[in-house]
Amino acid sequence: MIQLSHATKEYPRTGVAVDDVTLHVAKGEYVWLTGPSGSGKSTLLKLVYMDERPTRGEVRVSGVNSHAISGREIATLRRRLGIVFQDFRLLEDRTAHANVAFALEVTGAPPDSIPAKVSRLLAQVGLSAKAMAYPRELSGGEQQRVAIARALVNDPIILIADEPTGNLDDRATRGIFQLLREINASGTAVLMATHDIDLIRRSDYRVIEMHHGRLVADSSDPAVAEHARQRALDEAAGAGSGAGAANGGSSGDTASDELGSDELGSDELGSDEIASDGVA
Amino acid sequence: MTLALREALLAFRRAPLLSALGVVTIAFSLFAFGLFGLVALNIRLALAQVEERVEIQAFLTEGTAPEAVQAALADIAAFPEVATAEYLSQDSALARARREIPEYRDVFAQAVLPASIDVRLKPGHRDPASVKAVAARIATYGFVDDVEYAQDWVDKIYRMRSIASLVGVVLGVAFGAVAVIIIGATIRMAVLARSREISIMRLVGATDGFIRAPFLIEGFTKGILGGGLALLLTWLAATLISRNLVRVTFFDPGVAVLGVLCGAIIGLAGSAVSVGRHLRRV
């Protein structure tokens, strides 16, 4: 359903954000996307919801190719995706109900069908009682529930969540995760970027780890880590200097550690090491 | 379309101060342009009035046969540059002189002034070169003793008109550009104030056309309201000046409506450009 083939995203000023990523996410899957800050998680998600086009390689989402897609087709594709962010992105001057309804209105849903659907969605996320509350009157967890309800308006095939629990306390985080699990159980694929290792540990879903724009581990495919390790070694050898080799070796070792772990993403320290080693 | 209209109206209701500021900015930009237009229009009308008095006088030798005069009159009236050609007999010349110059009443009792053919030119043919050319052609008639026209005066009026036209175009373009820039900036501010809304609309799958529609309606409405307000201010200014200083001619209704439409078009185009730029960037 989501297929990235050697996708690379390079920005003129900041350089490579996603580097030669090949990845497949199947229908109905729940996938964690983890990695240190700046590892390219958000950019990878942007490639998926076509907010960015790959500089090289290809992204296919629900049969739509990033090379051939037009502006109108992107709009159509987005109606099949649900997108949730850390900062909720709600309209502050509209109630929870109006925020959810807005998403239906702008996509041209029949006006008669909107109120009932919004009420159903708010009930699904447990916010029926607060439908008429404005975002400022809601807690962070509740605001995120409104955002999730809005993401679900068009019955998406994939829910893309970019650190949706990043601003929430433990209790709210657990609540949102439970909600996402339920959404996934009903058949919607979930691709969720997070730093929260505890959250990842609570599930046995697939974990993908990124580092410096590259895919360095995939719990469903050990070859990914092996490939990352080989690539790091090759680059170190190519660099030719003793320091470079030591540096590259270190990076490779860390990737190898990740590969060897059954609980990918469980070793938070390992991730941090990758970050610090990679930057050094 | 209904939703776009509703969103445009909501934008006015949600940010009344920003919307009012936008309308007032558009109004004052167009008011400055309108005042300039008013000055330009009145200078042009005043110069046109002066130009209308440009006259060529062909003095006839005494005893010229009336048939020859009539033939010449018909001939001269047929010149493409000529608006009117009139014969002024010796008696009529004296009567006119007495009417216009009081001293004549006492000094001359009988017809001492020569008869003449008085020629007025059509608008567009009152420049020095045309006046001179027509005067030279009239001078070729055998019975024409002398041809006179106020050459210095014609030259001066023509120069003034040329300068007024040039200054008018330059200032008009400058005022117009300033109005467009200010209005564009105001609309851009309104678009930026709603950039969050735009990004959310995009996320949930609204097409660019759909996102644009409320902004275009909003820009058009602000343009119409700003244009109307500018027209009202210009009319008030013209009325005040007419009452207290000099009589001022106001724009024709057609021009006034065109001015308001200009406001609407600037509002619409400004919105289209601002939203378009914003959509390309986000």
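Just so we're clear, the structure is a prediction, and the values are computed from it rather than from any experiment. (Residues numbered from 1 in each chain as written. Chains lettered and ligands numbered in written order. Predicted model: local features only at pLDDT ≥ 70, side-chain atom pairs only at ≥ 80, totals over all residues. Heavy atoms only, no water.)

## As for the overall build of chain A
Operational definition: Helix and strand labels come from DSSP, where a helix needs a run of H or I of at least four residues and a strand needs a run of E of at least two; each type is numbered from the N terminus. Residue exposure (1.4 Å probe, protein chains only): buried if accessible area is under 20% of the type maximum, exposed if over 50%, otherwise partly exposed. A contact between two residues is defined here by any heavy atoms of the two lying within 4.5 Å. With residues, only the protein chains shown are counted as cover, and all accessible areas are computed by Shrake-Rupley using a 1.4 Å probe.
When helices and strands are tallied, chain A shows ten helices and ten strands. For chain A, the proportion of its 280 residues judged to be buried stands at 51%. When contacts within chain A are restricted to residue pairs at least 6 apart in sequence, those whose partners lie at least 24 apart make up 67%. When the accessible surface of chain A is split by element, carbon and sulfur atoms take 48% of a total near 12,000 Å².

## Looking at the interface of chain A and chain B
Put simply, the rule is: Each of two parts loses accessible area, computed with a 1.4 Å probe, when they are put together; buried area is these two losses added. We define a salt bridge as a contact between a side-chain nitrogen of Lys or Arg and a carboxyl oxygen of Asp or Glu at a distance within 4 Å. In protein, a polar contact requires one atom able to donate a hydrogen and another able to accept it; more generally it is a pair of N or O atoms within 3.5 Å, and residues adjacent in sequence count only if both atoms are side-chain atoms. Residues are sorted three ways: Asp, Glu, Lys and Arg are charged, Ala, Val, Leu, Ile, Met, Phe, Trp, Tyr, Cys and Pro are nonpolar, and all the rest, Gly among them, are polar.
Taken residue by residue, the interface counts 20 residues in chain A and 15 residues in chain B. Summing both partners gives a buried area of about 1,700 Å² for chain A against chain B, and 59% of it is carried by carbon and sulfur. Where chain A meets chain B, there are two salt bridges. The partner of Glu 197 of chain B in a salt bridge is Arg 94 of chain A, and the shortest N-O contact between them spans 3.3 Å. In this structure, the connection of chain A to chain B is made through five residue pairs in polar contact (both at pLDDT 80 or more). With four residues, helix 3 (residues 96-106) of chain A is the single largest residue contributor to the side of chain A that touches chain B. Class assignment of the residues belonging to the side of chain A that touches chain B gives a composition of nine nonpolar, two polar and nine charged.

## So, unusual backbone geometry
Residue and element names in this part refer to chain A. The phi torsion at Ser 62 lies on the positive side, around 50°, for a residue other than glycine. Of note, Ser 62 is situated in the loop between strand 4 (56-61) and strand 5 (64-65). Among the residues examined, Ser 62 registers a relative accessible area of 26% and is labelled partly exposed. In the Ramachandran plot, Asp 155 falls in the positive-phi region, its phi being about 45° despite a non-glycine side chain. Within the element layout of this structure, Asp 155 appears in the loop between helix 5 (140-151) and strand 7 (158-162). For Asp 155, a relative accessible area of 52% translates into the label exposed.

## Some thoughts on the sheet that holds strand 4 (residues 144-148) of chain B
Residue and element names in this part refer to chain B. Quick reminder of the rule: At least two bridges found by DSSP between two strands is the condition for calling them paired. A fitted line through C-alpha atoms serves as each axis, taken over the contacting stretch for helices, and the angle formed by two N-to-C directions is quoted from 0 to 180°.
Read from one edge to the other, the open sheet built from four strands follows the order 2-3-1-4, with strand pairing classed as antiparallel. One side of each edge strand has no neighbouring strand; the edge strands of this open sheet are strand 2 (82-88) and strand 4. The mean inter-strand angle of the sheet, taken between neighbouring strand axes irrespective of direction, is 20°. Strand direction decides the pairing type here: strand 1 (residues 55-60) and strand 4, joined by four bridges, are antiparallel. Note on strand 4: the bridge partner recorded for Gln 57 is Glu 148. Here helix 4 (residues 90-100) sits on the sheet and contacts strand 1, strand 2 and strand 3 (116-121); the angle it forms with strand 2, its principal contact strand, is near 100°.

## Some points on the packing of aromatic side chains
Residues and elements named next belong to chain A. Heads up, the condition is: Here the aromatic set is Phe, Tyr and Trp, taking the six-membered ring for Trp, and pairing holds for ring centres within 6.5 Å; pairs whose planes are under 30 degrees apart are stacked, those over 60 apart are edge-to-face, and all others are tilted. Charge-over-ring placement is defined geometrically: NZ (Lys) or CZ (Arg) within 6 Å of the ring centre, and within 35 degrees of the ring normal.
Counting across every chain of the model gives ten aromatic pairs over all chains. Ring pairs connect the aromatic residues Tyr 30, Trp 32, Phe 177 and Tyr 205, which therefore count as one cluster. In this structure, Arg 94 packs its charged tip against the face of Phe 102, placed 4.5 Å from the ring centre.

## Considering the nonpolar core
All names here are of chain A. In plain terms, the rule: What makes a nonpolar core is a set of buried Ala, Val, Leu, Ile, Met, Phe, Trp, Tyr and Cys residues whose side-chain atoms join them at distances within 4.5 Å.
Grouped together as the largest cluster of nonpolar side chains are 63 residues, with contacts concentrated most on Trp 32, Val 100, Leu 122, Ile 148, Leu 159, Leu 180 and Met 192. With seven residues, helix 3 is the largest single contributor of residues to this core. Those residues within four positions of Trp 32 in sequence are excluded, and the remaining contacts are Phe 177, Met 192, Thr 194, Leu 199, Ile 200, Ser 203, Tyr 205, Arg 206, Val 207 and Ile 208. One finds Leu 33, Ile 69, Ile 158 and Ala 193 within the second-largest nonpolar core, a separate group that totals 34 residues.

## Re the sheet that holds strand 6 (residues 81-85) of chain A
Residues and elements named next belong to chain A. Ordered by their spatial adjacency, six strands build an open sheet running 6-7-8-3-9-10, and the pairing between neighbours is mixed. Both edges of this open sheet fall to strand 6 and strand 10 (214-218), since each of them pairs with a single strand only. Direction aside, the axes of adjacent strands within the sheet are offset by 20° on average. Pairing geometry for strand 3 (residues 30-34) and strand 8 (residues 189-193), over four bridges, is parallel. Across the sheet, the residue bridging to Trp 32 is Met 192, located in strand 8. Here helix 5 sits on the sheet in contact with strand 6 and strand 7, set at roughly 165° to strand 6.

## Brief notes about the confidence of the model for chain B
Note the cut-off: Along the chain, pLDDT gives the predictor's confidence residue by residue, from 0 to 100.
On average, residues of chain B score 83 in pLDDT, and 96% of them reach the 70 mark or higher. Interface confidence in the predicted complex, given as ipTM, is 0.74; pTM for the same model is 0.69.

## Looking at the side chain of Asp 218 of chain A
As for its position among the elements, Asp 218 of chain A is in strand 10. On the basis of relative accessible area, Asp 218 of chain A is assigned to the buried category, the value being 5%.

## Looking at the packing of helix 2 (residues 16-52) of chain B against helix 7 (residues 151-193) of chain B
For the record, the criterion: Oblique is the label for any angle not covered by the other classes, which are roughly parallel (under 35 degrees), roughly antiparallel (over 145) and roughly perpendicular (65 to 115).
Direction vectors running N to C along helix 2 of chain B and helix 7 of chain B enclose 170°, while the axes themselves pass 10 Å from each other. Here helix 2 of chain B lies roughly antiparallel to helix 7 of chain B, going by the angle between them.

## Considering the pattern of salt bridges
Residues and elements named next belong to chain A. A complete count under the given rule lists 22 salt bridges over all chains for this structure. For the salt bridge of Asp 19 with Arg 231, the shortest nitrogen-to-oxygen distance reads 3.2 Å. Of the two residues, Asp 19 sits in strand 2 (residues 15-25) while Arg 231 sits in helix 8 (residues 222-239), which places them 212 residues apart along the sequence. Residue classification places Arg 231 among the buried residues on the basis of a relative accessible area of 17%. When the shortest N-O distance is used, the salt bridge between Arg 89 and Asp 87 registers 3.1 Å. In this structure, a network of salt bridges that share partners links the residues Asp 19, Asp 20, Arg 214, Arg 231 and Glu 235.

## Brief notes about the packing of helix 3 of chain A against helix 4 (residues 114-124) of chain A
Residue and element names in this part refer to chain A. Selection criterion: Helix crossings fall into two classes, left-handed where the near helix is turned counterclockwise from the far one by less than a right angle and right-handed where it is turned clockwise.
Axis separation between helix 3 and helix 4 bottoms out at 9 Å; the angle between their running directions is 125°. Here helix 3 lies oblique to helix 4, going by the angle between them. The handedness of the crossing between helix 3 and helix 4 is right-handed. Here His 97, Val 100, Ala 101, Leu 104 and Glu 105 of helix 3 lie close against helix 4, whose contacting residues are Ile 114, Pro 115, Lys 117, Val 118, Ser 119, Leu 121 and Leu 122. Its residues assigned to classes, the contact of helix 3 with helix 4 comprises eight nonpolar, two polar and two charged.

## Here we look at helix 8 of chain A
Residues and elements named next belong to chain A. Under the convention used in this document: Here the expected length of a helix is defined as 1.5 Å per residue gap, with one fewer gap than residues. Read the arc as the range of directions from the helix axis to the C-beta atoms.
Over its 18 residues, helix 8 extends 26 Å from the first C-alpha to the last, a length consistent with the 26 Å expected when each residue adds 1.5 Å. Buried residues of helix 8: Val 224, Ala 225, Ala 228, Arg 231, Ala 232 and Ala 236, and no others. Viewed along the axis of helix 8, the buried residues span an arc of 135°, placing them on a single side of the element. The exposed set on the far side of helix 8, more than 90 degrees from its buried face, consists of Pro 222, Ala 237 and Gly 238.

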